[in-house]
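For reference, the chains in residue letters:
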Amino acid sequence: MIVLVTGIDGFVGSHALEYLLSVGGIDIHGTHIPGGSTANIDHLRGRVTLHEADITDAEKIARIFLDVRPERVIHLAGQAFVPTALRDPIGTFDVNIMGGVAVLDAARRQAEAAGTGPGVLLVSSGEVYGKLHGEPISEDSPVRPENPYAVSKASVDLIGQEYRRTFGVRVSVVRPFNHAGPRQNPVFVCSDFGRQFALIAEGKCAPVVRAGNLESRRDFTDVRDVVRAYWAILTHPSPHTIFNLCSGRVVAIRELIDLFQEASGIRVTVTAEPDRVRSGDAPFVAGSYERLRSATGWRPEIPLSRTLADVFAYWREKIRRSP
């Protein structure tokens, strides 16, 4: 089977590559930003065919599809950080919406040229639901995006559904909630805390952790469970188009620090800093993955304590190797 992963050099993309290699029997291709770092996947060079491409270059993306003829596509390339979207909404809309359209239309053109097109997994976000409260969020919950990033994801989410209805592209849309693991950018909370604890462990700074809103409650899934779910969606036919992806467990940000203290053996003082608090943040986000479980049998397997221990170990090793 030929599989194409866009943004394969990113945090989730690198874990998707590792997972697909573990499955075996897959000819893996991936796109990456021209001139960008491939550090996340350098240890696997020679086991994947890389294609330099700006995801918004629709003609280049179409040529890659026509040359590679993928049977499955996991679309991960995009801008994933809410504060960046607030600073640069135009860039975020361009990458997330037009990049997604480029992938969808390349799949359409491949189907027209070859008689059959790939199954496409379009990665949306749990952010599309906005500040829903009460019961765990299901796929039938209303979509109410409340920031430019969420709007960009909601837009391409709807466009993907339209490509399925109008053009027959075999699109599935997944809406992942928060996820974490090694190699994640430290602009995200779990990686940020892991890096701070690693710096403390290596004697680089005092035992003080800087945080934002400690009382926000979120649903976190290990990235290795996430990529396993992506593959499950692509390989299990279902009448459903949209799937939530989450752990079904909610923890307060304060609890993350407790788990990092256990993983590191370090006790810290926590300082809440106003500039780390994201305006408009929902105080409580809980998701339901029941549809995904029913359709594919997937369940999260990796406990949050292990996820955070691995994040801490990743950052400690990275800091030790840095000059």
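None of these values were measured; they are calculated from a predicted model. (Residues numbered from 1 in each chain as written. Predicted model: local features only at pLDDT ≥ 70, side-chain atom pairs only at ≥ 80, totals over all residues. Heavy atoms only, no water.)

Re the packing of helix α8 (residues 253-264) against helix α10 (residues 304-321)
- Packing of α8 against α10 leaves a shortest axis separation of 9 Å and a crossing angle of 65 degrees. Like other packed secondary-structure pairs, α8 and α10 cross with a definite hand, here right-handed. Contacts between α8 and α10 pair L256, L259, F260, A263 and S264 from the former with L304, S305, L308, A309, V311 and F312 from the latter.
- Considering only residue class, the contact of α8 with α10 consists of 9 nonpolar, 2 polar and no charged. (Axes fitted to C-alpha atoms, helices over the stretch in contact; angles between N-to-C directions. Helix = DSSP H or I, 4+ residues; strand = E, 2+ residues; numbered from the N terminus. Left-handed = near helix turned anticlockwise from the far one by under 90°. Contact = heavy atoms within 4.5 Å. Nonpolar A, V, L, I, M, F, W, Y, C, P; charged D, E, K, R; others polar.)

Considerations on the sheet that holds strand β6 (residues 170-176)
- In spatial order, the strands read β3-β2-β1-β4-β5-β6-β11; together these 7 strands make up an open sheet with parallel pairing. The open sheet has two edge strands with one neighbour each: β3 (49-52) and β11 (242-245). Each neighbouring strand pair of the sheet contributes to a mean axis angle of 20 degrees, computed without reference to strand direction.
- Bridging between strand β1 (residues 2-6) and strand β2 (residues 27-32) involves 4 bridges; their strand directions are parallel. Bridge assignment links L4 to a residue of β2, and that residue is H29.
- Across the sheet, helix α7 (residues 223-235) is in contact with β1, β4 (72-75), β5 (119-123), β6 and β11; its angle to β5 comes to roughly 140 degrees. (Pairing = 2+ DSSP bridges.)

Some thoughts on the side chain of H75
- When you line up the elements, H75 lands in strand β4.
- Only 2.7 Å separates the side chain of H75 from the side chain of T6, close enough to count as a polar contact.
- For H75, the residues in contact, after removing those within four places along its chain, are T6, I55, G99, G100, V103, L121, L122 and V123. (Polar contact = N/O pair within 3.5 Å; in protein donor to acceptor, adjacent residues only side chain to side chain.)

Let's talk about the side chain of T221
- One can find T221 in strand β10 (residues 220-222).
- For T221, a relative accessible area of 3% gives the class buried.
- Setting aside chain neighbours within four positions, we find T221 in contact with N178, H179, A180, V226, C246, S247 and W298. (Buried < 20%, exposed > 50% of the residue type's maximum accessible area, 1.4 Å probe, protein only.)

What to know about the nonpolar core
- L76, Y230 and L245 are the most contacted members of the largest nonpolar core, which has 39 residues in total.
- Every element with two or more residues in this core is listed here: β1, α1 (11-23), β5, α7 and β11. (Core = buried A, V, L, I, M, F, W, Y, C linked by side-chain atoms within 4.5 Å.)

Brief notes about the pairing of β6
- For β6, a buried count of 6 out of 7 residues is recorded, marking the element as mostly surrounded by other parts of the structure.
- Pairing of β5 with β6, which is carried by 5 bridges, proceeds in the parallel orientation. Pairing of V120 across the sheet is with V171, part of β6.
- Sheet topology note: the β6/β11 ladder contains 4 bridges and is parallel. Opposite R175, over in β11, you have N244 as the bridge partner.

A few points about the environment of E273
- Its location among the elements puts E273 in the loop between β13 (269-272) and α9 (290-296).
- Engagement of the side chain of E273 in a polar contact is seen with the side chain of R210, the distance being 3.3 Å.

As for the packing of helix α4 (residues 89-114) against helix α5 (residues 148-167)
- The interhelical angle for the contact between α4 and α5, taken along N-to-C directions, is 15 degrees, at an axis separation of 9 Å. The angle between the axes of α4 and α5 places the two elements in the roughly parallel class. Seen from above, α4 lies across α5 with right-handed handedness. Only P148, Y149, V151, S152, K153, S155, V156, I159, G160, Y163 and F167 of α5 make contact with α4, whose side of the interface consists of P89, T92, F93, N96, I97, G100, V101, L104, D105 and R108. (Parallel < 35°, antiparallel > 145°, perpendicular 65-115°, else oblique.)

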